[in-house]
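# Descriptive structure summary
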Amino acid sequence: MEFEICQIARYPFIEDAKNWVKKEKIDIQEVLYEPIYERARARAVERVEQALKYGVIKEKALLDEIECMMEIFSYPLARLIVAAVESEYLVRRYALAEAKKAYESLKKEETAIIQKIAREFGIEAKDGMVHFSDYLKFAPTWDIKWKLVNRVMDKGYVELSNDEICRLIQEAIRNKIQNELFYMFAPPDINKIFGELISKLKNKLLAKEIKKVEGISEKDYPPCIKNLIAAIKSGMNVPHVGRFTLVTFLNAIGASTEDILKIFSSSPDFNEEKTRYQIEHITGKISGTVYAPPKCATIRTWGLCFPDELCKKANHPLLYYRLKRRKNELSKEKIL
Ligand code: SF4
């Protein structure tokens, strides 16, 4: 069963949505810049703002195909805005808000549609029965009502109402969106279009998090970046591509011009005026173009890659940084 465009609009994270976008051959640049997608951009902002403010995104009356189309495109844009803010709090809140929105829509659907979406998340729901292993993956078992001992079971299958199956799906959606967003990086163009909102959210949220680079902590940086910093500090002649990699990386993780200048200031041939100009050019403050850090494959061709074990899981220095931070945070949580 394939979904119609307005059904896809209610569940823009499903496979049918990806296939539909592919079929329509509309790329993200068009949605970002073309005037006809203005409504999609406005709705993307609304999604993020409502998630933050209310903890849930309100359903929108979708009156025609154009509105459904705008609703579909607003979803990837909203995700990119969230990724650009780089706040774990926002990622969690947004993922939950999208999942709750989907839950409200799902509850009104026929059983066949609920089953189709459940299947996408690996939940086999047949005749109101769900295997206990799927149940345990997604049930909110902190609530006594959901504890397995309080459920009716038959041969390893748990009996559930349609509403309860939708609640399992809600949790599966939340997981999916959250996990994807933790490792997503927004292209610089997102900052061009939604820069004002992103800065506002960063200021609001990141003050509460350890996101801001204090002094410059090198603990979680990938080896290529640590190596570049060490080379600059020891007065070695770092090629332009190396300086470019370092500045774009530090800018992407939230370092200010002053933070970046501090690193270059330890170089023996430091020229503040010239370096400031170069940093502000690369970070878009005077050029209007925010350059993204290069991928590992590119850095490798420049001879600036010095991989360690964790690099096997990363294809981008920012992904390495995020994996390392996440790993450190998880081990901190375990200790606490
Ligand atoms: S693999 Fe990537 S992150 Fe690791 S050192 Fe090389 S360029 Fe840096």
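Analysis parameters
- Residues numbered from 1 in each chain as written.
- Predicted model: local features only at pLDDT ≥ 70, side-chain atom pairs only at ≥ 80, totals over all residues.
- Helix = DSSP H or I, 4+ residues; strand = E, 2+ residues; numbered from the N terminus.
- Expected span 1.5 Å × (residues − 1).
- Buried ≥ 20, exposed ≤ 12 C-beta atoms within 10 Å, placed from the backbone.
- Pairing = 2+ DSSP bridges.
- Core = buried A, V, L, I, M, F, W, Y, C linked by C-beta atoms within 7 Å.
- Contact = placed C-beta atoms within 7 Å.
- pLDDT = per-residue confidence, 0-100.
- Near = placed C-beta within 6 Å.
- Nonpolar A, V, L, I, M, F, W, Y, C, P; charged D, E, K, R; others polar.

### Topic: helix α5 (residues 65–85)
Under the 1.5 Å per step criterion, the end-to-end length of α5 is 31 Å for 21 residues, consistent within 8% with the ideal 30 Å. Here α5 lies mainly inside the structure; 17 of its 21 residues are buried. Trailing α5 by a residue or two, E86 shows a phi angle of about 55°, which is positive.

### Digging into the sheet that holds strand β3 (residues 153–154)
Here we have 4 strands laid out as an open sheet, ordered β1-β2-β4-β3, and antiparallel in their pairing. Edge positions in the sheet fall to β1 (125–126) and β3, since each has one partner strand and no second. Judged from the 2 bridges that link them, β3 and strand β4 (residues 157–159) form a sheet pairing that is antiparallel. Note on β4: the bridge partner recorded for M153 is V158.

### What about the nonpolar core?
Among the nonpolar cores identified, the biggest contains 60 residues, and I81, V82, L168 and I169 are the most heavily contacted of them. At 14 residues, the largest contribution of residues to this core is made by α5. Look past the residues within four positions of L168 in its chain and what remains in contact with it is I123, V130, Y135, F138 and A139. By size, the runner-up hydrophobic cluster in this structure holds 23 residues, among which are I232, V238, I279 and L304.

### What about the environment of I193?
With respect to the element layout, I193 can be found in helix α10 (residues 188–206). Considered as a pair, I193 and L32 are 161 residues apart in the sequence and their alpha carbons are 7.1 Å apart. When residues no more than four places from it in sequence are discounted, the contact partners of I193 are L32 and R41.

### With respect to the confidence of the model for the chain
Note: predicted coordinates in regions of low pLDDT should not be interpreted at a detailed level. When pLDDT is averaged along the chain, the result is 87; 93% of the residues meet or exceed 70. For residues 210–216, every residue scores under 50 in pLDDT, and the model assigns this stretch 14 contacts once sequence neighbours within four places are set aside.

### Some remarks on the site of the ligand
All residues adjacent to the ligand are P222, P223, C224, C296, I299, C305, F306, P307, C311, A314, P317 and Y320. Elements with a contribution of two residues or more to the shell around the ligand: α11 (223–233), α15 (296–301) and α16 (317–335). By residue class, the composition of the shell around the ligand is 12 nonpolar, no polar and no charged.

### Notes on helix α9 (residues 162–182)
Helix length check: α9, at 21 residues, gives a terminal C-alpha distance of 30 Å against a target of 30 Å (1.5 Å per residue), a fit within 8%. Three or more residues of α9 are buried, namely I165, C166, L168, I169, Q170, A172, I173, R174, I177 and L181. Structurally, α9 contributes buried residues whose contacts are with α5, α6 (88–106), α7 (111–120), β1, β2 (129–131) and α8 (132–138).

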